[in-house]
Amino acid sequence: MKTAILTIIVILVVLIIITFLLCGLILSNLICTKPISVPDFIVRLVEKFLAGSGVPDSYPEDAARAEERLKELPFEDITLKAPDSAKLRGHVLRPRFPNGCVVIACHGARSNALGEFCFMIPELYKQGYTLVLPEHRGCGISDGKFMGYGTHESKDTFQWLDYTQKRFPDYDVFLLGVSMGAATVLMMSDRLKNTNVRGVISDCSYTSAWNEFAYQLKTSFHLPAFPLLYICDLYCRCYARYSFKDAAPIETVKRAAVPVLFIHGKKDDYVPFYMQSELYAACTAPKELLAVENAVHARNCYTAPDLYNKAITDFMMKNRKYKKSGIIF
């Protein structure tokens, strides 16, 4: 009897140790700039899931060509210094004939500014929009060891907003974000009252990082949030000083101070499509919806470029402040 009890205790202890080690591995791959290497069988499992998400096979090649063409444009490389002395790097693109409007564009997790917006930049540039493209900590070329899923990214983007308003004081400003970048700009939406920001464009944001990770555990790995997500969140609070529940744009849109355009792909099974409706319902500011047919995660502009570009430019034109005789200057 004692032997059986001891065996059970040993097995439970081993399982607990394995669970905590697994959670450390998961957290590393969720937030760290240089994550711990994942065993090949897990990589294959994740790749199998992503392969079933409907991402067009031609996208990587098309994106690479689009990004290569951006080298022809006159980008400025900018570095800002954050209050904690971290270097925040980014790019500014000024059109030959500015239309008096700046778009601050925030990229998604493990992406970068030029790669994320490679299909969007040429069209906005052609239309005369000035572009400010931050590189987020932990995944771009800025300082930082981990991503915050909108927590520190929103604070850093206020630095870029301050820079933009000082450099272009008479320009209207719009915040645009994709995925984590969308969560970032939504998490700024309640603190924009006395700024030049006229609107926020959210492309496939999650309601919260906690909800997103819980969804992924359930749909990708058929696992419950407890205990894995709770342990990962504990690790995150100890290491990165934030909780996944802190990255919650669904809370900030309840106090949004500017109009919001919510965009989401109907076939998005990574950040699920239903989260668009939840964010829209929670938002108390003037708001609009665009649901893109056949678009998977972060592929709305690629899937329906004409519809996408018209929606965002119409939204910006509608909410511009500085107009004269119907002509924006």
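One structure accompanies this document, and this report is about it. All chains use their own residue numbering, which begins from 1 and follows the written sequence. Given that this is a predicted model, residues contribute local features only at a pLDDT of at least 70 and side-chain atom pairs are listed and counted only at 80 or more, while totals for whole chains, interfaces and linings are drawn from all residues. Values shown for side chains rest on all heavy atoms present in the structure; no hydrogens or waters enter the calculation.

**Thoughts on the overall build of the protein chain**
What counts, and what does not: Secondary structure is summarised from DSSP: a helix means a run of H or I of at least four residues, a strand means a run of E of at least two, and numbering begins at the N terminus for each. Exposure classes here rest on a 1.4 Å probe applied to the protein chains alone. A residue is buried below 20% of its type maximum, exposed above 50%, and partly exposed in between. Contacts are assigned to residue pairs with any non-hydrogen atoms lying within 4.5 Å of each other. Computed with the Shrake-Rupley method and a 1.4 Å probe, the accessible areas treat only the protein chains shown as cover for residues. Counted charges follow a simple rule, with Lys and Arg positive, Asp and Glu negative, and His plus the chain ends left uncounted. In plain terms, the charge of a residue is placed at NZ if it is Lys, CZ if Arg, CG if Asp and CD if Glu.
What the protein chain contains, in helices and strands, is 13 helices and ten strands. Each of the three principal axes of the protein chain carries a C-alpha extent, and together these read 90 × 40 × 40 Å. For the protein chain, the residues scored as buried account for 52% of the 329 residues in total. Partitioning the contacts of the protein chain with sequence separation of at least 6, the portion at a separation of at least 24 is 75%. Approximately 16,100 Å² of the protein chain is accessible, and the part contributed by carbon and sulfur atoms is 60%. Across the protein chain, the 38 positively charged side chains and the 33 negatively charged ones have centroids separated by 5 Å.

**Side note on the sheet that holds strand E4 (residues 130-134)**
Our working definition: Note: two strands are recorded as paired if DSSP finds a minimum of 2 bridges between them. With axes taken as lines fitted to C-alpha atoms, and helix axes fitted only over the stretch in contact, angles between N-to-C directions fall between 0 and 180 degrees.
Pairing within the open sheet is mixed, and its eight strands lie in the order E1-E2-E4-E3-E5-E6-E7-E8. A strand with exactly one partner marks an edge of an open sheet, and here the two such strands are strand E1 (75-81) and strand E8 (287-292). The average undirected angle you get between the axes of adjacent strands in this sheet is 20 degrees. Against the sheet, helix H6 (residues 151-167) touches E1, strand E2 (87-93), strand E3 (101-106), E4, strand E5 (172-178) and strand E6 (197-203), its axis set at about 120 degrees to E1.

**Digging into the pairing of E5**
Most of E5 is tucked away, with seven of its seven residues classed as buried. Of the two faces of E5, both are covered, the one formed by Asp-172, Phe-174, Leu-176 and Val-178 as well as the one formed by Val-173, Leu-175 and Gly-177. Relative to E5, E3 is paired through six bridges, and the arrangement is parallel. Within E5, the position partnered with Val-103 by the bridge is Phe-174. The pairing of E5 with E6 spans six bridges and is classified as parallel.

**Considering a nonpolar patch on the surface**
Selection criterion: Note on patches: the residues involved have over 30% relative accessible area and no salt bridge, like charges join within 9 Å, and the nonpolar side chains Val, Leu, Ile, Met, Phe, Trp and Tyr join within 5 Å. When a carboxyl oxygen of Asp or Glu lies within 4 Å of a side-chain nitrogen of Lys or Arg, that pair is called a salt bridge.
On the surface, a cluster of nonpolar side chains totalling about 900 Å² of accessible area is made up of Leu-6, Ile-8, Val-10, Ile-11, Leu-12, Val-14, Leu-15, Ile-16, Ile-18 and Phe-20. Tracing the chain through its elements places Leu-15 in helix H1 (residues 2-31). With relative accessibility at 47%, the residue Leu-15 sits in the partly exposed group.

**Considerations on the pattern of salt bridges**
On inspection of all chains with the given rule, the structure shows 17 salt bridges. When the shortest N-O distance is used, the salt bridge between Glu-68 and Lys-71 registers 3.2 Å. In this structure Glu-68 comes out as partly exposed when scored by relative accessible area, which is 46%. A relative accessible area of 63% means that Lys-71 is categorised as exposed. A salt bridge links Arg-198 to Asp-172; the shortest N-O distance between them is 2.9 Å. Within this pair, whereas Arg-198 is found in strand E6, its partner Asp-172 is found in strand E5, the two being separated by 26 residues in sequence. Here the salt bridges do not stand alone but share partners, grouping Asp-84, Arg-137 and Asp-156 into one network.

**So, helix H9 (residues 228-239)**
What counts is decided by this rule: Given the number of residues in a helix, its expected span is that number minus one, multiplied by 1.5 Å.
Its twelve residues give H9 an end-to-end C-alpha distance of 16 Å, which sits within 8% of 16 Å, the value for a rise of 1.5 Å per residue. Those residues of H9 lying buried are Leu-228, Leu-229, Ile-231, Cys-232, Asp-233 and Cys-236. Residues of H9 that are buried sit in contact with H1 and helix H8 (209-221). Arg-241, located one to two residues past H9, shows a positive phi value of around 65 degrees.

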